[in-house]
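These are the residues of each chain, in order.
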Amino acid sequence: MRLTGIIAPDRPLLVVAAEEEAVHFNHDLPLLLTGMGKVNAAVAVARVLAVHRPAEIVNLGTAGALRPGIKGTHEIARVVQHDLDGEAIEALTGRPTGLPLGLRPEGLTLATGDAFVSSEKVRARLALQADLVDMEGYAVASAAHAAGVPVRLVKHVSDTADEEAALTWKESVEACARDLAAWVMTHL
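Residues numbered from 1 in each chain as written. Predicted model: local features only at pLDDT ≥ 70, side-chain atom pairs only at ≥ 80, totals over all residues. Heavy atoms only, no water.

Undergrad: Go over the nonpolar core, please, and point to the residues and values.
TA: One recurring pattern in soluble globular proteins is that nonpolar side chains are buried together. If you look at the biggest cluster of nonpolar residues, it comprises 29 residues, and the most contacted ones within it are Val45, Ile57 and Leu132. Among the secondary structure elements, those contributing two or more residues to this core are strand S2 (12–16), helix H1 (38–49), strand S4 (56–65), strand S5 (73–81), strand S7 (108–112), helix H4 (137–147) and strand S9 (151–159). With six residues, H4 is the single largest residue contributor to this core. Filtering out sequence-adjacent residues up to four positions away, Val45 remains in contact with Val15, Leu32, Ile57, Val140, Ala143 and Ala144. (Core = buried A, V, L, I, M, F, W, Y, C linked by side-chain atoms within 4.5 Å. Buried < 20%, exposed > 50% of the residue type's maximum accessible area, 1.4 Å probe, protein only. Helix = DSSP H or I, 4+ residues; strand = E, 2+ residues; numbered from the N terminus. Contact = heavy atoms within 4.5 Å.)

This is the structure we're talking about:
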């Protein structure tokens with residue numbers, strides 16, 4: 001976890017998992033690098049929100065496309081966890097767990113899980129419930145919601161979440177980082 005900049009109640013806090021995704025951010029907004037995965041993201045955001053109150057959290061990062069033709073940068077409408085069996089937990093406890101989080105009325109659905117999706121079989125299964133896949137979005141949104149801080153998830157497609165995903169991510173992260181930085185400059 002690394003925080004740069006000054007968090008203020010009238011400014012957004014940018015949250016990014018990997019340093020590679022933030023290399024082109026050239027602005028004066030505070031930036032929180034969480035590290036990859038749901039635990040790192042949730043812990044980092046919760047630690048910061050225990051002390052600071054930004055106007056909103058904007059989680060920026062890369063994502064794999066689960067369906068053909070999805071490219072570019074997208075603000076997420078709904079986020080789910082693909083690696084938590086909420087139905088089984090609810091059957092055991094009687095309490096809903098890990099419910100989908102609605103973020104805005106229109107847009108794509110993001111599936112978050114602690115696995116880098118690089119299998120056509122997994123991709124096809126996830127495509128039944130989501131458009132994109134990442135490793136931090138749900139955790140960031142959940143921590144922000146728990147603290148009562150508005151949150152936006154902005155994801156740029158880096159790969160197709162198949163057998164070539166790891167290689168494609170490494171090759172495309174630089175261009176993705178430029179596009180995410182351009183989104184920040186035009187939208188914040």
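Undergrad: I'd like a rundown of the pattern of salt bridges, residues and numbers included.
TA: What the rule picks out here adds up to ten salt bridges. The salt bridge partner of Arg104 is Glu75, with a shortest N-O separation of 2.9 Å. Placement of the pair is Arg104 in the loop between strand S6 (101–102) and S7 and Glu75 in strand S5, with a sequence separation of 29 residues. Beyond isolated ion pairs, a larger network of salt bridges with shared partners links Glu56, Glu75, Arg104 and Arg152. (Salt bridge = Lys/Arg side-chain N within 4 Å of Asp/Glu carboxyl O.)

Undergrad: Outline the side chain of Ser158, listing residues and values.
TA: Here Ser158 lies in strand S9. Judged by relative accessible area, which is 5%, Ser158 ranks as buried. Setting aside residues up to four positions removed in sequence, Ser158 forms contacts with Thr62, Ala63, Thr168, Trp169, Ser172 and Cys176.

Undergrad: How would you summarise the packing of H1 against H4 if you had to cite specific residues and measurements?
TA: Two packed helices can be described by the angle between their axes and the distance between those axes. Viewed as axis vectors pointing N to C, H1 and H4 meet at an angle of 25 degrees, and their least axial separation amounts to 8 Å. Considering their axes alone, H1 and H4 lie roughly parallel with respect to each other. Considering how the two elements wind past one another, H1 and H4 form a crossing that is right-handed. Contacts between H1 and H4 involve Lys38, Ala41, Ala42, Val45, Ala46 and Leu49 from the first element and Ala139, Val140, Ala143, Ala144 and Ala147 from the second. Its residues assigned to classes, the contact of H1 with H4 shows ten nonpolar, no polar and one charged. (Axes fitted to C-alpha atoms, helices over the stretch in contact; angles between N-to-C directions. Parallel < 35°, antiparallel > 145°, perpendicular 65-115°, else oblique. Left-handed = near helix turned anticlockwise from the far one by under 90°. Nonpolar A, V, L, I, M, F, W, Y, C, P; charged D, E, K, R; others polar.)

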